[in-house]
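Residue-level listing of the chains:
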Amino acid sequence: MRRPIIIANWKMNGSREKNTSFLEHFLTAVNAETCDIVICPPLPYLSQIQQSIEITAINLGSQNVCQYPEGAYTGETSATMLADLGCQYCLIGHSERRLIFNESDKSIADKFLLLKKNNITPVLCVGETLQQRENNETEQVVLSQIDSVIHSVGINNFIDSVIAYEPVWSIGTGLTATPEQAQSVHLAIRNHLKTHNSQTASGTRIVYGGSVKPENAADLFSQPDIDGGLIGGASLKAESFAEICNVLSSNAEVMH
Ligand SMILES: O=C[C@H](O)COP(=O)(O)O
């Protein structure tokens, strides 16, 4: 049985004051013992969040990492530094990084490997644009984004990573994939992983991201191949993020 996981991606939002207030309210409202919870704040706040969640079961995640090890890379943050700060997870290949910052499949694979070397779980984000979906290219796009990493790092390194399927057209738009649309891509990903290694396929957690809200979380999380969520906008409000976590957790209890 895969342990469900829910990841908050705060993107470039927050302040020390807002973060403190978020955690105060979130910790009171959340009741999700049967799933892993990860918070990915902006980099300057990693230490603040780490200190606040130290005695809780919440995990710390980064939104990005440098593709190179330590050295002369002005403005960048290495995987070793993230590990030093207590990060257990790190997003890579988010569509905002691929599209706005021109991240290539090669740089994403390099980041993946550096994270593994530092015992940080990579959360590999994949997803199609609206045009690609309309051209019936969804599976081809998503599977090739995954394969480019597997071919570069090897299937053994891929074990225990997390995949986040996020249709680009649903991110921050309020347009959520239907549970059936999301399940169909998640199943295609899992079946594809089987062609590499059946243990990896059954153990890899595949989460859905894209306008997940408390109102649509239960239907999405009840799909057999959706193991949780990557939450943007709705993770900025303590009450709505706690509600989504609680939905995932109670869903997992029913399935046990
Ligand atoms: O990383 C999170 C995703 O991009 C989803 O963002 P959203 O929930 O605001 O649509």
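Residues numbered from 1 in each chain as written. Predicted model: local features only at pLDDT ≥ 70, side-chain atom pairs only at ≥ 80, totals over all residues.

(A) Quick look at the UniProt feature "binding site: substrate" (unreviewed entry) in the protein. Cross-referencing UniProt, the feature "binding site: substrate" (unreviewed entry) maps to Asn9, Trp10, Lys11, Gly172, Ser211, Gly232 and Gly233 in the present numbering. For this annotated set, covering 225 residues, all C-alpha atoms fall within 13.9 Å of each other, a compact arrangement in space. Here Ser211 lies in the loop between strand 7 (205-209) and helix 11 (214-221). Its 20 C-beta neighbours within 10 Å are what place Ser211 among the buried residues. If near-sequence neighbours (up to four positions away) are discounted, Ser211 is found in contact with Ser170, Thr173, Gly174, Leu175 and Thr176. (UniProt positions renumbered as here; feature names shortened; annotations may be inferred. Helix = DSSP H or I, 4+ residues; strand = E, 2+ residues; numbered from the N terminus. Buried ≥ 20, exposed ≤ 12 C-beta atoms within 10 Å, placed from the backbone. Contact = placed C-beta atoms within 7 Å.)

(B) Structural detail: the site of the ligand. Of all residues adjacent to the ligand, which total 14 residues, the nearest are Asn9, Ile171, Gly209, Gly232 and Gly233. Class assignment for the residues of the shell around the ligand results in 5 nonpolar, 8 polar and 1 charged. (Near = placed C-beta within 6 Å. Nonpolar A, V, L, I, M, F, W, Y, C, P; charged D, E, K, R; others polar.)

(C) Spotlight on unusual backbone geometry. Despite not being glycine, Asn102 shows a phi value in the positive range, around 50°. Looking at the secondary structure, you find Asn102 in the loop between helix 4 (95-100) and helix 5 (105-117). The backbone phi angle of Asn136 is positive, close to 60°, even though this residue is not glycine. By the secondary structure assignment, Asn136 is in the loop between helix 6 (130-134) and helix 7 (138-153). Asn136 gets classed as exposed once you count the C-beta atoms within 10 Å, which come to 9.

(D) Molecular detail of the sheet that holds strand 4 (residues 89-92). The 8 strands lie next to each other as 1-2-3-4-5-6-7-8, forming a closed barrel whose pairing is parallel. The average undirected angle you get between the axes of adjacent strands in this sheet is 25°. The sheet contact formed by strand 1 (residues 5-9) and strand 2 (residues 36-40) spans 5 bridges and is parallel. Paired with Ile7 across the two strands is Val38, which belongs to strand 2. Here helix 7 sits on the sheet and contacts strand 5 (121-126) and strand 6 (162-165); the angle it forms with strand 5, its principal contact strand, is near 150°. (Pairing = 2+ DSSP bridges. Axes fitted to C-alpha atoms, helices over the stretch in contact; angles between N-to-C directions.)

(E) Examining the environment of Gly210 more closely. Relative to the helices and strands, Gly210 resides in the loop between strand 7 and helix 11. Note on Gly210: 26 C-beta atoms within 10 Å, which makes it buried. For the pair Gly210 and Ala83, spaced 127 residues apart in sequence, the C-alpha separation works out to 28 Å. If near-sequence neighbours (up to four positions away) are discounted, Gly210 is found in contact with Glu166, Pro167, Ser170, Ile171, Thr176 and Ala177.

(F) Examining helix 9 (residues 179-196) more closely. Under the 1.5 Å per step criterion, the end-to-end length of helix 9 is 26 Å for 18 residues, consistent within 8% with the ideal 26 Å. If you check which residues of helix 9 are buried, you get Ala182, Val185, His186, Ile189 and Leu193. For helix 9, the buried positions fall inside an angular range of 100° around the axis, keeping them on one side. Along helix 9, the residues that are exposed and aim more than 90 degrees away from the buried face are Glu180 and Thr195. Buried residues in helix 9 make contact with helix 7, strand 6, helix 10 (198-203), strand 7 and helix 11. (Expected span 1.5 Å × (residues − 1). Arc of directions from axis to C-beta.)

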